Amino acid sequence: MAKQTLIRRTIDLLEKLPESEIRQVADFADFVLRKYEEQLMQKGIEKLASNSIALAFLHDEEKLYDEADLKEKY
């Protein structure tokens with residue numbers, strides 16, 4: 001379904017509910033929005049950190065160990 005269709009359908013459903021139930025839906029929508037915004041912020045921070053000059057040395061870090069150094073393989 002298109003976004004506008006979902007919004008209209010949700011509004012139609014909300015109009016049928018009592019006020020106490022609408023508050024619960026509004027609280028849940030606030031929760032979902034905060035979670036979405038936190039995910040966007042986290043992705044933005046990750047992108048900034050990966051492009052940061054201050055952390056560029058991590059990209060060029062040499063490998064100290066490889067599989068040949070293992071005593072046992074599981």
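Residues numbered from 1 in each chain as written. Predicted model: local features only at pLDDT ≥ 70, side-chain atom pairs only at ≥ 80, totals over all residues. Heavy atoms only, no water.

Considering the pattern of salt bridges
Alright, step 1. Tallied over the full model, the rule gives one salt bridge.
Alright, step 2. As a salt-bridge pair, glutamate 19 and arginine 23 come within 2.5 Å of each other at their nearest N and O atoms. One end of the pair is glutamate 19 and the other is arginine 23, both in helix α2 (residues 19-51) and four residues apart, which spans about a single turn.
Alright, step 3. A relative accessible area of 52% means that glutamate 19 is categorised as exposed. (Salt bridge = Lys/Arg side-chain N within 4 Å of Asp/Glu carboxyl O. Helix = DSSP H or I, 4+ residues; strand = E, 2+ residues; numbered from the N terminus. Buried < 20%, exposed > 50% of the residue type's maximum accessible area, 1.4 Å probe, protein only.)

Here's the deal with the environment of isoleucine 45
Alright, step 1. For isoleucine 45, the location among the structural elements is in helix α2.
Alright, step 2. What makes isoleucine 45 partly exposed here is its relative accessible area of 46%.
Alright, step 3. In this structure, the C-alpha to C-alpha distance between isoleucine 45 and lysine 35, residues 10 residues apart in sequence, is 15 Å.

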